[in-house]
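Summary of structural features
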Amino acid sequence: MYPRRNRQEKLTPGECVRGAALSVLYLFVFPFAMAWVQRTTGEELPVAEANVVYYLISVMLVFLLFWRFLKRNFELLLDRLPENLFALLVGLAGAELFRALVTILPCPVENPNVYNYREQFLLSPGATTVILVVLMPIVEEMIFRGFLFGTVRRCSRGLAYVLSAGLFALYSVWQFVFSYGAVDLRYLLLAGRYLPMALALSWCYDAGSSVWTAVLLHMAVNGLALLRAVGG
């Protein structure tokens, strides 16, 4: 149905500029804007519902800014379905296996995400599930894999892995450094617990060649993390 492609689709120069702009908005502007909204509304706007609005806006921007890129990648997913399915399954197995190994290692601080997921799910199960399993993976895979990995890979595949996986792992925990009334750099050590997932997502995109494969893997890993948090 679709012409066969042998490599990942590259972002156009215009898409690279839009990717950089979206990254700044998503990583730096939107979180502070939502924190300000939460402070000004007090208890009137629950955290999960407020975050749904934040992620819906982000997903809308992803589709508006990268519609052609996402369409090309969907066609690539269908064109190379066996390869993408293999990358998805191997990536999921690797992410879960190495996550289990990494969590055995001692860490001076607990991961607040485990308690946050459980608390938010108990208060707003629908909103929390939609955020973690649907909206968040779409936005973050477009930024960290579609834009960052895809752009850096043109120069160096190794550097693409280091930057996309390393920055994703740090992004997952950096806010905890400043969240408890004092700067606590020990929370940066938690980034090691997100490296298996980050590396699996980057490998999945690199091997499967479609950003949608990484999105599906991200959805699966987040879904399992939510189940563990709620069940625990």
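Structure: above.
Computed from a predicted model, the values in this text were never measured in an experiment.

Quick look at the overall build of the protein
Across its full length, the protein carries eight helices and zero strands. Listing the helices and strands of the protein from first to last along the sequence gives α-α-α-α-α-α-α-α. Relative to the 2.2 N^0.38 estimate, which gives 17 Å for 232 residues, the radius of gyration of the protein is 18 Å and therefore close to what a compact globule would have. Each of the three principal axes of the protein carries a C-alpha extent, and together these read 55 × 40 × 30 Å. Across the 232 residues of the protein, 45% fall into the buried class.

Focus: the packing of aromatic side chains
Throughout the structure, instances matching the rule amount to 13 aromatic pairs. Ring geometry for Phe144 and Phe168: centres 5.3 Å apart, planes at 85 degrees, overall edge-to-face. Of this pair, Phe144 sits in helix α5 (residues 125–152) while Phe168 sits in helix α6 (residues 157–171), placing them 24 residues apart in sequence. Taking the relative accessible area as the measure of exposure, Phe168 reaches 2% and is therefore buried. Between Phe149 and Tyr161 the ring centres are 5.1 Å apart and the planes differ by 90 degrees, which places this aromatic pair in the edge-to-face class. Linking Phe149 in helix α5 with Tyr161 in helix α6, this pair joins segments that are twelve residues apart in sequence.

Some remarks on the packing of helix α3 (residues 81–104) against helix α7 (residues 191–208)
The N-to-C vectors of α3 and α7 enclose an angle of 165 degrees; their axes lie 8 Å apart at closest approach. Between α3 and α7, the crossing angle belongs to the class labelled roughly antiparallel. Of the two elements, α3 crosses α7, and the hand of that crossing is right-handed. The residues of α7 that touch α3, namely those facing Glu83, Asn84, Phe86, Ala87, Leu88, Val90, Gly91, Ala95, Phe98, Arg99, Val102 and Thr103, are Gly192, Arg193, Pro196, Met197, Ala200, Trp203, Cys204, Ala207 and Gly208.

Some thoughts on the side chain of Thr128
In this fold, Thr128 is placed in helix α5. Once you skip the residues sitting within four places of it in the chain, Thr128 turns out to touch Ala48, Tyr117, Gln120, Phe121 and Leu226.

Here we look at the state of the cysteines
Within this structure, the stated rule accounts for zero disulfides. Free of any disulfide, Cys16 has its nearest cysteine sulfur in Cys155, 10 Å distant.

Description of the environment of Leu88
Turning to its location among the elements, Leu88 is positioned in helix α3. Residue Leu88 is classed as buried on the basis of its relative accessible area of 18%. Expressed as a C-alpha distance, the spacing of Leu88 and Ala207, which sit 119 residues apart in the sequence, is 9.2 Å. Those residues in contact with Leu88 that sit more than four places away from it in its chain are Cys204, Thr213, Leu216 and Leu217.

Criteria and cut-off values
- Residues numbered from 1 in each chain as written.
- Predicted model: local features only at pLDDT ≥ 70, side-chain atom pairs only at ≥ 80, totals over all residues.
- Heavy atoms only, no water.
- Helix = DSSP H or I, 4+ residues; strand = E, 2+ residues; numbered from the N terminus.
- Rg over C-alpha atoms; globule rule 2.2 N^0.38 Å.
- Buried < 20%, exposed > 50% of the residue type's maximum accessible area, 1.4 Å probe, protein only.
- Phe/Tyr/Trp six-rings, centres within 6.5 Å; stacked < 30°, edge-to-face > 60°.
- Axes fitted to C-alpha atoms, helices over the stretch in contact; angles between N-to-C directions.
- Parallel < 35°, antiparallel > 145°, perpendicular 65-115°, else oblique.
- Left-handed = near helix turned anticlockwise from the far one by under 90°.
- Contact = heavy atoms within 4.5 Å.
- Disulfide = S-S within 2.5 Å.

Everything listed is a geometric property; what it means functionally is a separate question.
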